[in-house]
Amino acid sequence: MQGISLPSRSSDETLILLKAGNLVNLPENYLMKFWMYHIMTWPQLSFVAENDKGHIVGYVLAKMYDEEESEEKGGDIHGHVNSISVLRSYRRLGLAKRLMMLSQDAMYSVYKAKYVSLHVRKSNLAAIGLYRDTLGFEVAEVEKKYYGDGEDAYVMKLVLKNQS
């Protein structure tokens, strides 16, 4: 395993590979401009995991809510994980945890975020276990019919503190 790194903002290939990983692993898929906007606007928050051949095997894509958006959501500056994915053959190796920790640490140290939020399908028990049991997230609310297929989402939150 080569490790975890920051995606290059100038690398079209990286963006294409991230999008491909999203298509393979997740039912929620984003347009290329969504990926570009996040990586160009908050480059410190998104990371990729590569294997020893340099192939991307996982990623986390995250953002910050600006002051206006934060005020609508309770007033605290906070981050949000839009997407995290690890290829099936690389799961249970701690990559998702490491990716999440790197992103959370950057939210705290760079942007002084008070907490991080994310949405997760109510049926995704493995992800819920990672977020709740391994990373310490708590369910804050249920968002009814959040996903395109009508499934509800848990909105999960984690209060951030210095993780270094």
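None of these values were measured; they are calculated from a predicted model.

1. Side note on the overall build of the protein
For step 1, the next point in the chain: Scanning the protein from N- to C-terminus turns up 5 helices and 7 strands.
For step 2, the next point in the chain: Counting helices and strands in the order they occur from the N terminus, the protein gives β-α-α-β-β-α-β-α-β-α-β-β.
For step 3, the next point in the chain: For the protein, with 164 residues in total, the buried portion stands at 44%.
For step 4, the next point in the chain: Put simply, the protein shows about 9,200 Å² of open surface, and 51% of that area lies on carbon and sulfur atoms.

2. So, helix H5 (residues 125-134)
For step 1, the next point in the chain: Those residues of H5 not exposed but buried are Ala-127, Ile-128, Gly-129, Leu-130 and Tyr-131.
For step 2, the next point in the chain: Residues of H5 that are buried sit in contact with strand E4 (78-86), helix H4 (95-111), strand E5 (115-121) and strand E7 (153-159).
For step 3, the next point in the chain: Immediately downstream of H5, the backbone of Gly-136 shows phi near 90°, a positive value.

3. Observations concerning H4
For step 1, the next point in the chain: Under the 1.5 Å per step criterion, the end-to-end length of H4 is 23 Å for 17 residues, consistent within 8% with the ideal 24 Å.
For step 2, the next point in the chain: Of the residues trailing H4, Lys-112 is marked for its positive phi of about 60°.

4. Concerning the environment of Phe-47
For step 1, the next point in the chain: Note that Phe-47 resides in strand E2 (residues 47-50).
For step 2, the next point in the chain: Separated by 55 residues in sequence, Phe-47 and Leu-102 have C-alpha atoms that sit 7.6 Å apart.

5. Examining the pattern of salt bridges
Side chains carrying opposite charge are able to pair once their charged atoms draw close together.
For step 1, the next point in the chain: Taken as a whole, this structure holds 4 salt bridges when the rule is applied.
For step 2, the next point in the chain: Put simply, Arg-121 and Glu-151 hold a salt bridge, and the shortest N to O gap is 2.6 Å. Taken together, the residues Arg-121 in strand E5 and Glu-151 in the loop between strand E6 (138-143) and E7 connect sequence positions 30 residues apart.
For step 3, the next point in the chain: Relative accessible area serves as the criterion here: at 13%, Arg-121 is assigned to the buried category.
For step 4, the next point in the chain: We note a salt bridge from Asp-152 to Lys-144, for which the minimum N-O separation is 3.5 Å.
For step 5, the next point in the chain: On the accessibility criterion, Asp-152 (15% relative accessible area) is buried.
For step 6, the next point in the chain: The class for Lys-144 is exposed, based on a relative accessible area of 61%.
For step 7, the next point in the chain: Through salt bridges that share partners, Arg-121, Asp-149 and Glu-151 make up one connected network.

6. Concerning the nonpolar core
For step 1, the next point in the chain: Counting residues in hydrophobic clusters, the biggest one holds 30 residues, and the most contacted among them are Met-100, Met-107, Leu-118, Tyr-131 and Phe-137.
For step 2, the next point in the chain: Of all the secondary-structure elements, those providing two or more residues to this core are E2, strand E3 (56-64), E4, H4, E5, H5 and E7.
For step 3, the next point in the chain: Looking at this core element by element, the count peaks at 6 residues for H4.
For step 4, the next point in the chain: Discounting residues that sit within four places of it in the chain, Phe-137 has contacts with Met-100, Gln-104, Val-116, Leu-118, Tyr-131, Arg-132, Met-156, Lys-157 and Leu-158.

What counts and what doesn't
Residues numbered from 1 in each chain as written. Predicted model: local features only at pLDDT ≥ 70, side-chain atom pairs only at ≥ 80, totals over all residues. Heavy atoms only, no water. Helix = DSSP H or I, 4+ residues; strand = E, 2+ residues; numbered from the N terminus. Buried < 20%, exposed > 50% of the residue type's maximum accessible area, 1.4 Å probe, protein only. Areas by Shrake-Rupley, 256 points an atom, 1.4 Å probe, with all protein chains shown as cover. Contact = heavy atoms within 4.5 Å. Expected span 1.5 Å × (residues − 1). Salt bridge = Lys/Arg side-chain N within 4 Å of Asp/Glu carboxyl O. Core = buried A, V, L, I, M, F, W, Y, C linked by side-chain atoms within 4.5 Å.

The values reported here are purely geometric and, on their own, carry no functional implication.
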